[in-house]
Every structure is written in structure tokens, then in C-alpha cells.
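Below are the chains, spelled out letter by letter.
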Amino acid sequence: MESRRPMDGLASGLMLVLCLLWAMQQIALKATALDFAPMFQMAVRSVVAGVLVILFMAWRGQRLDGILNAWQPGLLAGSLYALEFLLLGESLRHTSAGHVVVLLYTAPIFAALGLHWKLPDERLAAAQWLGVGLAFGGIAMAFLWRDGGAQAADAAMLWGDLLALLAGAAWGATTVVVRVTRMAELPASQTLVYQLWVGAAWLLAGSYLFGQTEFRMTPLVWASLTFQSVFVSFLSYLVWFWLLRKYLASRLGVFSFLTPLFGLVLGAWLLDEPVGAGFLGGTLLVVSGVVLLSGYGWYRQWRMQRT
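Please read all numbers here as calculations on a predicted model, not as lab measurements.

Comments concerning the overall build of the protein chain
Here is step 1: Looking only at helices and strands, one finds twelve helices and zero strands in the protein chain.
Here is step 2: Traced from its N-terminal end to its C-terminal end, the protein chain shows the element sequence α-α-α-α-α-α-α-α-α-α-α-α.
Here is step 3: Each of the 307 residues in the protein chain was classed as buried or not, and the buried ones make up 55%.
Here is step 4: Across the protein chain, the fraction of contacts at a sequence separation of at least 24, relative to all contacts at a separation of at least 6, is 88%.
Here is step 5: With the model as given, the accessible surface of the protein chain reaches about 13,400 Å², and the carbon-plus-sulfur share is 70%.

As C-alpha cells, then:
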């Protein structure tokens, strides 16, 4: 398995764009939820993006037969991808988009914990364990410090927050599977084929079982579906899996702190979502933990260059 390298300018710029796109996807899903159920929308976007990936591979002359060499971890990764978005779609029905973004992007914490036990070059140092502790402290604050509101509404939001956190854990587990199995040797496009097509099958089944197949194709829904399919599920994931093959996963995670911040700001601005003091404090702790966890590699590299 080829060794991954630390972050450089290209990876930093790409991660900045990805964080903005990933924050916007929750806003788009929430804004169109009444006309297009989030779970069903994510199923449809996966199908559309899956077709785009196949066309992309054909254009580049890439073959599909190599995919069969990693079918077992591929099915696992695709199923975890589906679980993430099943939980995400349900969470958006109960809580705000800002809350979903923050809790979903605890994924680097879960990924770092899993990779710590599997890969020598991803071992966590003492300072990184402090980051893990800060992040989980922030999660606890976000859950325990609830800011007023009706009791029933608060209970519904708490349930939605929990589902979003579990979606983050599923995403972290997907990263671990991609990094430690034969999938790490696949091109990014082939990895994405598993994610999209296996995920689409599960998401379509989940939409049917949960009775979330209703939709009305308004102009806003068309815009959301195009954005979700082309820019999020196709382009951004293709770039993400390419980055995972080239760079250290824990270093990539340092930029993920921007996504929850983007999500809170965009949710408050575009959807008029309230930002409670308890959740804001928890967000800052989570962000601090992710920065400490993922930025430690940069600090250690800087220290080594100075000595």
C-alpha cells in the first residue's frame, strides 16, 4: 500500500471547496424537504451521480472489471455510505440543518480513532487524544445544554441530533474501510461506484419502507437535485476519494472544521435557523478538538523542520 503524504497547497485548496459544498448540501436538502423527502432525494442523486461516474470512466477508458477484486469491502463501504445518509435523511426531518452539519462532521474524530488501531502512520499522539476529548466534550455540551423551547419540540430536535451524530460515526467508519482494505488500491472513480450504486439501492429501499417517496418537482427542487447530484455526489466525492489515496486522512480532517462553521452560518442566514448558546459552545469545542487532532501532524512537521 503506497504511503500517503502530508498536506500541500493543492490539497488545502480542494478541501476548502469541498467543505463549502458539503455544508451547502444540508442546507439544500432542508430547504426542499417539504417538496422532496431528503432520503428519497439522496437516493435519486446517488443514481444520477452513479451514471455520471460510469460515463466518466468510459470517457477515460477505465475498465470496471477491477472493481470485483474488492467487492467485499466495497459492499461494506457502500452499505455504510447508505446508513450514513439514511440517518442523515431522517435527522433532517427533526432538527435544523446547522445542527446536522456540526454533528455529521464529527466524522474525522471517529475515522481517526479507527485508523489509530489499524495503520502505523495514523497513530494518535497525546495532544491528539486531548483533541478527541475536547470534541466529545463539545458533543456532550451540545446535547445536554438545550436552550428553551417547547419540550416536545426539544425532544424531537434531540432525536434528530442523535441521528446526525450516528451518521457522522457511519461516515468515519466508511473512511476506515476505504483506507485499510483493498479499496485503498482502487482508483477514486471505482471506489465511488461502490459508494453510489450500493448506497442508492439501500436508500431507495429505505425511502419506500419509511414512506418517503413523495416529491414535487419545483424549480428549487430541480436546482437542489442538480447541485446534489453533480457537484456533491459526483465531483466532490470523486475528489475526496482521490485525496484519501494521496494524503494522510488525519491531515485532511483538519479542514473539516470549516464545514460545521459554514453550516451554522448558512443555516442561520438562508433558513433563519436559531443558534442556541449551548449548541454554539459545543460546536466551538468540537471544532477545537478536530483542529487539535488533525493539525498535530503539521505542528510536528514544523517542529522537525526547525530542529
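Digging into the environment of Trp202
Here is step 1: Counting through the fold element by element, Trp202 comes out in helix α8 (residues 188–209).
Here is step 2: The sequence separation of Trp202 and Leu86 amounts to 116 residues, and the corresponding C-alpha distance is 8.5 Å.

Observations concerning the packing of helix α1 (residues 9–31) against helix α4 (residues 97–104)
Here is step 1: Direction vectors running N to C along α1 and α4 enclose 145°, while the axes themselves pass 9 Å from each other. Helix-helix and strand crossings are classified by hand; for α1 and α4 the assignment is right-handed. Within the contact between the two elements, α1 uses Ala23, Gln26, Ile27 and Lys30 and α4 uses Ala97, Val100, Val101 and Leu104.
Here is step 2: A breakdown of the residues in the contact of α1 with α4 according to their chemical character gives six nonpolar, one polar and one charged.

Examining the packing of aromatic side chains
Aromatic rings in a pair are described by how distant their centres are and how their planes are angled relative to each other.
Here is step 1: Scanning all chains against the criterion turns up 16 aromatic pairs.
Here is step 2: Members of the aromatic cluster, joined through ring pairs, are Trp22, Tyr81, Phe85, Tyr105, Trp171, Tyr237 and Trp240.

Considering a nonpolar patch on the surface
Here is step 1: Judged by side-chain polarity, Val51, Ile54, Leu55, Leu64 and Trp197 come together as a nonpolar surface patch covering roughly 410 Å² of accessible area.
Here is step 2: The leading source of residues in the nonpolar patch is helix α2 (residues 38–59), at three residues.
Here is step 3: Mapped onto the secondary structure, Val51 falls in helix α2.
Here is step 4: Look at Val51 and you get partly exposed, because its relative accessible area is 40%.

Observations regarding the nonpolar core
Here is step 1: Within the largest apolar cluster, 66 residues are counted, with the highest numbers of intra-cluster contacts made by Met15, Trp22, Tyr237, Trp240 and Phe241.
Here is step 2: It is helix α9 (residues 219–246) that provides the largest number of residues to this core, a total of nine residues.
Here is step 3: Every residue in contact with Trp240, bar those within four places of it in the chain, is listed here: Met15, Leu18, Trp22, Trp171, Thr175 and Leu252.
Here is step 4: Listed in part, the eight residues of the second largest apolar core include Leu80, Leu186, Tyr194 and Val198.

Brief notes about the confidence of the model for the protein chain
Here is step 1: When the pLDDT values of the protein chain are averaged, the result is 83; 88% of them are 70 or greater.
Here is step 2: Across the protein chain, the secondary-structure element scoring lowest on mean pLDDT is helix α10 (residues 249–252), at 66, and the one scoring highest is α2, at 91.

A few points about α2
Here is step 1: For α2, built from 22 residues, the straight-helix expectation of 32 Å at 1.5 Å per residue is met to within 8% by its first-to-last C-alpha distance of 31 Å.
Here is step 2: Where α2 ends, the next residue or the one after it, Gly61, has phi of about 70°, a positive value.

Side note on the pattern of salt bridges
Oppositely charged side chains are able to pair whenever their charged atoms sit close together.
Here is step 1: A full pass over the atoms with the stated rule returns two salt bridges.
Here is step 2: Here Asp35 ties to Arg216 by a salt bridge, and the two come within 2.3 Å at their closest N and O atoms. Placement of Asp35 in the loop between α1 and α2 and of Arg216 in the loop between α8 and α9 is noted, with a sequence separation of 181 residues between them.
Here is step 3: Residue Arg216 is classed as exposed on the basis of its relative accessible area, which comes to 53%.
Here is step 4: Notably, a salt bridge pairs Arg93 with Glu90, separated by 2.8 Å at the nearest N-O pair.
Here is step 5: Given the relative accessible area of 16%, Glu90 is considered buried.

Observations concerning unusual backbone geometry
Here is step 1: Phi at Asp272 takes a positive value of approximately 55°, unusual for a residue other than glycine.
Here is step 2: Mapped onto the secondary structure, Asp272 falls in the loop between α11 (258–270) and α12 (277–306).
Here is step 3: Residue class for Asp272 comes out exposed when judged on its relative accessible area of 66%.

Regarding empty space enclosed by the protein
Here is step 1: Per the counting criterion, the structure on display carries three cavities of 30 Å³ or more.
Here is step 2: The computed volume of the second largest cavity comes to approximately 140 Å³.
Here is step 3: Every residue lining the second largest cavity is counted, 15 residues in all, and those nearest its centre are Tyr81, Glu84, Trp171, Gln195 and Tyr237.
Here is step 4: At the level of secondary structure, the elements contributing two or more residues to the lining of the second largest cavity comprise α3 (71–91), α7 (151–180) and α9.
Here is step 5: Taken together, the residues of the lining of the second largest cavity sort by class into ten nonpolar, four polar and one charged.

Calculation rules
Residues numbered from 1 in each chain as written. Predicted model: local features only at pLDDT ≥ 70, side-chain atom pairs only at ≥ 80, totals over all residues. Heavy atoms only, no water. Helix = DSSP H or I, 4+ residues; strand = E, 2+ residues; numbered from the N terminus. Buried < 20%, exposed > 50% of the residue type's maximum accessible area, 1.4 Å probe, protein only. Contact = heavy atoms within 4.5 Å. Areas by Shrake-Rupley, 256 points an atom, 1.4 Å probe, with all protein chains shown as cover. Axes fitted to C-alpha atoms, helices over the stretch in contact; angles between N-to-C directions. Left-handed = near helix turned anticlockwise from the far one by under 90°. Nonpolar A, V, L, I, M, F, W, Y, C, P; charged D, E, K, R; others polar. Phe/Tyr/Trp six-rings, centres within 6.5 Å; stacked < 30°, edge-to-face > 60°. Patch = residues over 30% accessible without salt bridge, like charges linked within 9 Å, V, L, I, M, F, W, Y side chains within 5 Å. Salt bridge = Lys/Arg side-chain N within 4 Å of Asp/Glu carboxyl O. Core = buried A, V, L, I, M, F, W, Y, C linked by side-chain atoms within 4.5 Å. pLDDT = per-residue confidence, 0-100. Expected span 1.5 Å × (residues − 1). 1 Å grid on protein atoms, 1.4 Å probe; cavity = no way out; pocket = protein on both sides within 12 Å on 5 of 7 lines; lining within 4 Å. Points joined across faces, edges and corners; volume = space filled by probe spheres on them.

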